[in-house]
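Coordinates in review
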Amino acid sequence: QVQLVESGGGLVQPGGSLRLSCAASGFTFSSTTTRWYRQTPDSQREWLAVITTGGSTNYADSVKGRFTISRDNTGNTVYLQMDSLKPEDTAVYYCQCPLGWGRGTQVTVSS
């Protein structure tokens, strides 16, 4: 059974960091392109970052220089390192690949 499960969200102060994880079961991320998105209750889902099968990465302008997408050597987990967090980064964060979506993890940036 194919599953994507996000973890690592939580409450962090402005300027802080979090690392989100997306664990795969039933497949490996190294065989597919994987993306991170986020969504707030009053906005559309926003694409944030992508990592290809070859390891190439790209980022939305809103997070470029602050967020880093990576994949572990086993290909079973994709990460989103988030630094210099801002209150406007508050959202539910999702990982996605052609096989499906995770259920999301809440990130709240607040003092």
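1. Some thoughts on the overall build of the protein
Within the protein one finds zero helices and 11 strands. The C-alpha radius of gyration computed for the protein amounts to 13 Å, which stays within 12% of the reference 13 Å derived for 111 residues, consistent with globular compactness. The principal-axis extents of the C-alpha atoms in the protein amount to approximately 40 × 25 × 20 Å. Looking at the protein residue by residue over its 111 residues, the buried ones come to 41%. Each charge class in the protein can be summarised by its mean position, and for the 9 positive and 8 negative side chains these summaries are 5 Å apart.

2. Re the pairing of strand β3 (residues 18-25)
Pairing between strand β1 (residues 3-7) and β3: five bridges, direction antiparallel. Paired with leucine 4 across the bridge in β3 is alanine 24. Of the pairings in the sheet, the one linking β3 to strand β8 (residues 77-82) comprises six bridges and is antiparallel in character. Following the sheet pairing, leucine 20 is matched in β8 by leucine 80.

3. Some thoughts on the nonpolar core
Counting 27 residues, the largest nonpolar core has Trp36, Leu48, Phe67, Ile69, Leu80, Met82 and Tyr93 as its most contacted members. Elements supplying a minimum of two residues to this core: β3, β5 (46-51), β7 (67-71), β8, β9 (91-97) and β11 (105-109). Once you skip the residues sitting within four places of it in the chain, leucine 48 turns out to touch Trp36, Tyr37, Arg38, Asn58, Tyr59, Ala60, Val63, Phe67, Leu80 and Tyr93.

4. Concerning the pairing of β11
Residues Thr105, Val107 and Val109 line the buried face of β11, whereas the alternating positions Gln106 and Thr108 sit on a face that is not buried. Bridge count for strand β2 (residues 10-12) against β11 is three bridges, and the pairing is parallel. Bridged to glycine 10 within β11 is valine 107. Pairing geometry for β9 and β11, over three bridges, is antiparallel. Bridged to alanine 91 within β11 is valine 107.

5. Comments concerning the state of the cysteines
Counted under the stated rule, the structure contains one disulfide. Each sulfur of the disulfide joining cysteine 22 and cysteine 95 lies 1.9 Å from the other. Of note, the bridge from cysteine 22 to cysteine 95 carries an S-S torsion of about 50° and is right-handed in sense. Note that cysteine 22 is positioned in strand β3 and cysteine 95 in strand β9, a separation of 73 residues in sequence.

6. Description of the environment of cysteine 95
Residue cysteine 95 is classed as buried on the basis of its relative accessible area of 0%. Sequence separation between cysteine 95 and leucine 11 is 84 residues, and the spatial gap between their C-alpha atoms is 19 Å. If we skip the residues at most four places from it in the chain, cysteine 95 touches Leu4, Glu6, Cys22, Arg35, Trp36, Gly100, Trp101 and Gly102.

Criteria and thresholds
Residues numbered from 1 in each chain as written. Predicted model: local features only at pLDDT ≥ 70, side-chain atom pairs only at ≥ 80, totals over all residues. Heavy atoms only, no water. Helix = DSSP H or I, 4+ residues; strand = E, 2+ residues; numbered from the N terminus. Rg over C-alpha atoms; globule rule 2.2 N^0.38 Å. Buried < 20%, exposed > 50% of the residue type's maximum accessible area, 1.4 Å probe, protein only. Lys, Arg positive; Asp, Glu negative; His and termini not counted. Charge placed at Lys NZ, Arg CZ, Asp CG, Glu CD. Pairing = 2+ DSSP bridges. Core = buried A, V, L, I, M, F, W, Y, C linked by side-chain atoms within 4.5 Å. Contact = heavy atoms within 4.5 Å. Disulfide = S-S within 2.5 Å.

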